[in-house]
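Structure assessment
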Amino acid sequence: MADNQDRAPFGGPRPEGPFRGDGDGPRSRFGAGAQGPRPGGPGGAGGAGGPGGEGGRGPRPRRPGGGRYVPRRKVCAFCIDNIGEVDYKDIARLRRHLSERGKIEPRRKAGTCAKHQRSLTVAIKRARHVALLPFTTSAR
């Protein structure tokens, strides 16, 4: 068979178009397709990085100190107030650690340390048991 070049690996005819892989068109699906190059890209018609052409604002100046967002570290409120054991009768403090559905907020969200999170969980469960806090809120 001399016409192997015109056959696809599975035996059918070779596909026509920009993705046939013989070096005539872009190799990937994400190259400049039927619509042409994207505006604002390298060599595109977008100009200085946005609609409006060259007359717009230039690129943003870099902020000193990098540019990576680092969230501020949360500090345990119980450690700040020098509280050893969380009291189940301190309802105002316990409510801050409950979600609007009545669930106990996790450490990563509330910022409490592991020691006080364990104590807080026990205190919330005790307050629920003596009906100082709700187990859940109404679903509607």
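Here is what the cut-offs are and how they apply
Residues numbered from 1 in each chain as written. Predicted model: local features only at pLDDT ≥ 70, side-chain atom pairs only at ≥ 80, totals over all residues. Heavy atoms only, no water. Helix = DSSP H or I, 4+ residues; strand = E, 2+ residues; numbered from the N terminus. Buried < 20%, exposed > 50% of the residue type's maximum accessible area, 1.4 Å probe, protein only. Contact = heavy atoms within 4.5 Å. Areas by Shrake-Rupley, 256 points an atom, 1.4 Å probe, with all protein chains shown as cover. Salt bridge = Lys/Arg side-chain N within 4 Å of Asp/Glu carboxyl O. Core = buried A, V, L, I, M, F, W, Y, C linked by side-chain atoms within 4.5 Å. Expected span 1.5 Å × (residues − 1). pLDDT = per-residue confidence, 0-100. Polar contact = N/O pair within 3.5 Å; in protein donor to acceptor, adjacent residues only side chain to side chain.

1. Notes on the overall build of the chain
Each helix and strand counted, the chain has four helices and zero strands in total. Along its sequence from the N terminus, the chain presents helices and strands in the succession α-α-α-α. Counting all 140 residues of the chain, 18% fall into the buried class. Long-range contacts, defined here as pairs at least 24 residues apart, represent 49% of the contacts in the chain between residues at least 6 apart. Surface accessibility of the chain: about 12,100 Å² in total, with carbon and sulfur atoms responsible for 52%.

2. So, the pattern of salt bridges
If you walk through the whole model with that rule in mind, you get three salt bridges. With its nearest N and O atoms 3.0 Å apart, the salt bridge here joins Asp81 to Arg93. Highlighted residues: Asp81 in the loop between helix H1 (77–80) and helix H2 (91–95) and Arg93 in helix H2, separated in sequence by twelve residues. According to the relative accessible area criterion, Arg93 is buried, its value standing at 16%.

3. Here's the deal with the nonpolar core
Cys76, Phe78, Val86, Ile91, Leu94, Leu98, Leu120, Ala123, Ile124, Ala127 and Leu133 together form the largest nonpolar core, which totals eleven residues. It is helix H4 (residues 114–129) that contributes the most residues to this core, four residues altogether. Leaving out residues up to four positions away in the same chain, Phe78 has contacts with Ile83, Val86, Arg93, His97, Thr112, His116 and Leu120.

4. Quick word on H4
The end-to-end C-alpha distance of H4 is 23 Å, a good match for the 22 Å that 16 residues give at a rise of 1.5 Å each. Buried residues of H4: His116, Gln117, Ser119, Leu120, Thr121, Ala123, Ile124, Ala127 and Arg128, and no others. Summarising the contacts, the buried residues of H4 are in contact with H1, H2 and helix H3 (107–110). Positive backbone phi, at 65°, marks Ala131, one or two positions downstream of H4.

5. Quick look at the environment of Ser119
On the secondary structure map, Ser119 appears in helix H4. Since its relative accessible area comes to 8%, Ser119 is described here as buried. With 32 residues separating them along the chain, Ser119 and Asp87 place their C-alpha atoms 8.6 Å apart. Other than its neighbours up to four places away in sequence, Ser119 contacts Glu85 and Val86.

6. Considering the side chain of Glu105
Among the secondary structure elements, Glu105 is positioned in the loop between H2 and H3. Residue class for Glu105 comes out buried when judged on its relative accessible area of 14%. Sequence-distant contacts of Glu105, defined by excluding residues within four places in its chain, comprise His97, Leu98, Ser99, Ala110 and Gln117.

7. A word on the confidence of the model for the chain
Chain-level statistics for the chain give a pLDDT mean of 76 and a share of 55% at 70 or above. When mean pLDDT is taken per element in the chain, H4 scores highest with 96 and H3 scores lowest with 90.

8. What to know about the environment of Thr137
Note that Thr137 resides in the segment after H4. C-alpha of Thr137 to C-alpha of Ser99: the two residues are 38 residues apart in sequence and 9.8 Å apart in space. Those residues in contact with Thr137 that sit more than four places away from it in its chain are Glu100, Arg101 and Gly102. Within polar-contact distance, the side chain of Thr137 engages the backbone oxygen of Glu100 at 3.4 Å.

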